[in-house]
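If you want the building blocks of each chain, they are given just below.
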Amino acid sequence: MIEIKNVSKIYKTGEVAFEALRGVSFSIKDGEFVAIMGPSGSGKSTLMHILGALDTPTKGTYFLDGKDVSKFSDDALADIRRDKIGFVFQAFNLLPRTTVLRNVMLPLVYAEIDKETRKKRAEAALRAAGLDEEHFVHLSNQLSGGQIQRVAIARALVNDPTLILADEPTGNLDTKTGEIVLGTFQRLNVEHGRTIVLITHEHDVAEHAERIISIRDGEIVEDSRSHKRRIMHHHEIR
Amino acid sequence: MKFADLSEETYFALSANKVRSGLTMLGIVIGIGSVIAMVSIGQGAQGSITANIESLGSNLLIVRPGAQRGVGMQVSSGRGSAQTLTQDDATAIKGTVSGVAAIAPEVSGRYQIVGKGTNTNTSVTGTTPDYTSVRNMEVEEGSFITEQNIKSLSKVVVLGPTVRDDLFGENATNVVGQTLRIKGMEFKVVGITKSKGGSGFGSQDDMVFVPLTSAQKFLVGNEYLSTINIQAESSEIMTQIQADVTSLLLERHRISNPDLADFNVMNQSDIIASASSITDTLTMLLAAIAGISLLVGGIGIMNMMLTTVTERTREIGLRKAIGAKRKDINLQFLSEAIMLTFGGGIIGVLLGWLISFGFSYFNIIQTQMSGTSVVLAFGVSALIGIVFGYYPASRAANLNPIEALRYE
């Protein structure tokens, strides 16, 4: 359960102050699939950083699972990210020349979970993300773009987070592969009940979610259900 | 982050770029290796010099004549050649100074010695039976000069091994009982001394011994002594004996101003101490030069770590995004630096040991590896890792995760 109330973010560079977010409020229930959509400079990245506990708002509150994390210290935020949030990035950000399994196990290293459990959970997450078992021992640079993004999704899943935050996850992929990755998110949402927030500037991509929050100049301009939602079918995902 | 995971992460990170890690480590290897090698060479030199001085005898004081120097006189005749010490002085020292274990007066000079068709020019020392104990001398074959020889002015001679080799051939046997001529007079060989090692001028193997009285009467022709060797009962009382002997001889020679003494009392431990202080300085100098290469190696580590942090900025951002704290990142990069320097330290100790072993093996100098220098080298290498890894690691830890993730 996520509750954002009157969140503002002001960046100061010298004398000039820039208000990236101006009093944004919304809430996301567990099991929702939400897209946050807006052009570049709209404040969606700032919102993503606050939702992902990478940054704190200048004003307003952010309740994640009933806890107000908007005033947390750096280390407390790191714990929140470790326990409650899974990130999927546009640039994948896998460790180079490292096996798929090690990449997926990495968040559990910081959670100080023992090795055997780590491996079991990583394998389960990879299966849930739809990666074939034969790729588990491959190095990250031996995979295709679509496979890499599935590894990244598995890494976001492995700590069993409250929220999966996907920042332009299809930005570096061709349309067909992008569709497959979006289908994976839909399946995780429907079959595993995962809460997913998708940040994008593309309307086509946003329409894979069930709810779209449109943001422009730091304010929410529209918050509605996806009108013509695109559902990926199982055979298309595989 | 658990310790086992930390070391695993560190290992993976370093082995991802083996050539770079290896080259950086090489700087530390050379630094530590040269420090170890230089210190062991310095200590070896010190050990061999001390051993050389100690082989003269233990707890030894040496009294030598020196010409009386008048007020305002700048020139004194050569030490050891002046004629101021007598057998009476030696007897007086033995009789009045307490703590003297043994005393061996001697006269010496160089003479031509002729064997059967062979001859050599060597140092002839006239002395008493106590000489063997005072100067740590052992007889290999036959016997040394006896009290009876002294009393009867016997023309007998004890040869050093080098002289035996020169006159009778390498390791010749049945030398005892043969005769040879010193200054035209026939002397009978009664013994051969054991080799003490050392070579060149002043070797203790290249000399012969005759009874003191015989030397004074037949060779030198006067009653003076060239040296009085005194052995103290223990090393603690040596300074006391040195002072007692000095005041006794001043009194006997009727000299009131100690600066004008016509003799000289040398203390063996003084000689060792001054030789040690020279080799200590030498060791320090060698270690300091080697230390510079260690410092350069450390800067190499820092350089590599800074490059690594820049290269892996996005990785740092990712690690922070998935829950790594500042402390975790700091530890990770610090442990990479420490593992590099510690690994380099281990190989460096092996290299240093190999070098010093080589020096000993090829008989260049007998080196001494000390445990302290090895422990110190390990400590220093780990410390270098911490010192030179600290700045890059804290730079990594302080990166803002958002900016780090965006870094191109």
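Residues numbered from 1 in each chain as written. Chains lettered and ligands numbered in written order. Predicted model: local features only at pLDDT ≥ 70, side-chain atom pairs only at ≥ 80, totals over all residues. Heavy atoms only, no water.

As for the packing of helix 2 (residues 18-54) of chain B against helix 12 (residues 371-397) of chain B
All names here are of chain B. To be explicit about the condition: Between N-to-C directions, angles span 0 to 180 degrees; the directions come from axes that are lines fitted to C-alpha atoms, helices contributing only their stretch in contact. Only DSSP runs of H or I covering at least 4 residues are called helices, and only runs of E covering at least 2 are called strands; the numbering of each starts at the N terminus. By definition in this entry, angles of less than 35 degrees are roughly parallel, angles greater than 145 are roughly antiparallel, angles of 65 to 115 are roughly perpendicular, and the rest are oblique. A clockwise turn of the near helix away from the far one marks a right-handed crossing, whereas an anticlockwise turn of less than a right angle marks a left-handed crossing. Contact criterion: two residues are considered in contact whenever any of their non-hydrogen atoms come within 4.5 Å of each other. Only Asp, Glu, Lys and Arg are considered charged, only Ala, Val, Leu, Ile, Met, Phe, Trp, Tyr, Cys and Pro nonpolar, and every remaining residue, Gly among them, polar.
Relative orientation of the contacting elements helix 2 and helix 12 amounts to 155°, with a least axis distance of 10 Å. Classified by the angle between their axes, helix 2 and helix 12 sit roughly antiparallel to one another. With respect to the hand of their crossing, helix 2 and helix 12 are arranged in right-handed fashion. Contact with helix 2, carried on its side by I28, I32, I36 and V39, involves S373, V374, A377, S381 and I384 of helix 12 and no other residues of that element. Tallied by class, the residues present in the contact of helix 2 with helix 12 amount to seven nonpolar, two polar and no charged.

Considerations on the packing of aromatic side chains
Counted only if it meets this: Two rings belonging to Phe, Tyr or Trp (six-membered ring only in the last case) form a pair when the distance between their centres is within 6.5 Å. Interplanar angles under 30 degrees mark stacking, angles over 60 mark edge-to-face geometry, and anything in between is tilted. Summary of the burial criterion: residues with accessible area below 20% of their type's maximum are buried, those above 50% are exposed, and those between are partly exposed, where the area comes from a 1.4 Å probe applied to protein chains only. Remark: a charge is flagged as sitting over a ring if the NZ atom of Lys or the CZ atom of Arg is within 6 Å of the ring centre and within 35 degrees of the ring normal.
Evaluation of the coordinates by the stated rule reveals nine aromatic pairs over all chains. Both rings, one in Y11 of chain B and one in F12 of chain B, keep their centres 6.0 Å apart while their planes meet at 75°; by these two values the pair is edge-to-face. Since its relative accessible area comes to 52%, Y11 of chain B is described here as exposed. Ring geometry for Y131 of chain B against F144 of chain B: centres 6.4 Å apart, planes inclined by 5°, an arrangement best described as stacked. Of the two residues, Y131 of chain B is situated in helix 4 (residues 131-134) and F144 of chain B in the loop between strand 5 (139-142) and helix 5 (147-151); the sequence distance between them amounts to 13 residues. On the accessibility criterion, Y131 of chain B (2% relative accessible area) is buried. The exposure class of F144 of chain B is buried, given its relative accessible area of 8%. Grouped by ring-pair contacts, the aromatic residues W353, F357, Y361 and F362 of chain B constitute a single cluster. The ring of F12 of chain B carries the charged tip of R102 of chain A above its face, separated from the ring centre by 3.6 Å. Lying across the ring of F218 of chain B, K155 of chain B places its NZ or CZ 4.7 Å from the centre.

Quick word on the environment of I228 of chain B
Residue and element names in this part refer to chain B. Within the fold, I228 resides in strand 11 (residues 227-232). Residues I228 and V63, 165 residues apart in the sequence, show an inter-C-alpha distance of 5.0 Å. Once you skip the residues sitting within four places of it in the chain, I228 turns out to touch L61, I62, V63, L85, T86, D89, A90, I93, I103, A104 and P105.

With respect to the sheet that holds strand 3 (residues 33-37) of chain A
All names here are of chain A. Selection criterion: Think of it this way: DSSP has to see at least two bridges between two strands before they count as a pair.
With respect to topology, six strands assemble into an open sheet ordered 6-7-8-3-9-10, the strand pairing being mixed. Strand pairing shows two members of the sheet lacking a second neighbour, strand 6 (85-88) and strand 10 (219-225), which therefore form its edges. For this sheet, the mean inter-axis angle between neighbouring strands, taken without regard to orientation, is 20°. Pairing between strand 7 (residues 163-167) and strand 8 (residues 196-200): four bridges, direction parallel.

Observations regarding the pairing of strand 9 (residues 207-211) of chain B
Residues and elements named next belong to chain B. With five of five residues buried, strand 9 is to be regarded as a mostly interior element. Sheet topology places strand 4 (residues 119-127) next to strand 9; five bridges connect them, and they run parallel. Counterpart to T127 in the pairing with strand 9 is P211. Relative to strand 9, strand 6 (residues 156-159) runs antiparallel, the two sharing two bridges. Bridge assignment links V158 to a residue of strand 9, and that residue is F209.

As for the interface of chain B and chain A
The accessible area lost on association of the parts is a frequent measure of interface size. To be explicit about the condition: Take the accessible area each of two parts loses on contact, using a 1.4 Å probe, and add the two losses: that sum is the buried area. In the sections that follow, a salt bridge refers to a side-chain nitrogen of Lys or Arg positioned within 4 Å of a carboxyl oxygen of Asp or Glu. Two N or O atoms count as a polar contact when they lie within 3.5 Å, although within protein this holds only if one can serve as hydrogen donor and the other as acceptor, and sequence-adjacent residues are included solely when both atoms are side-chain atoms.
Taken together, the contact pairs 24 residues of chain B with 26 residues of chain A. Counting each side, the surface lost to burial between chain B and chain A is near 2400 Å², with a carbon and sulfur contribution of 55%. Remark: the boundary between chain B and chain A carries six salt bridges. The residue K325 of chain B makes a salt bridge to D79 of chain A at a minimum N-O spacing of 2.5 Å. Between the two partners, chain B and chain A, sit nine residue pairs in polar contact (both at pLDDT 80 or more). Elements with a minimum of two residues in the side of chain B that touches chain A: helix 1 (3-15), helix 10 (313-321), helix 11 (326-361) and helix 13 (401-406) of chain B. Sort the elements by how many residues they give to the side of chain B that touches chain A and helix 10 of chain B lands first, with six residues. Taken together, the residues of the side of chain B that touches chain A break down into 10 nonpolar, two polar and 12 charged.

Section: the nonpolar core
Rules: We call a set of buried residues a nonpolar core when its members are Ala, Val, Leu, Ile, Met, Phe, Trp, Tyr or Cys and they connect through side-chain atoms within 4.5 Å of each other.
Judged by nonpolar contacts, the single largest core of 65 residues is most densely connected at F26, I36, L51, Y62 and L165 of chain A. For this core, the element with the highest residue contribution is helix 12 of chain B, accounting for seven residues. Non-local contacts of L51 of chain A, meaning those with residues more than four positions away in its chain, are made with I2, I4, F26, I36, Y62, I85, L163, L165 and V197 of chain A.

Taken by themselves, the reported measurements are silent on function.
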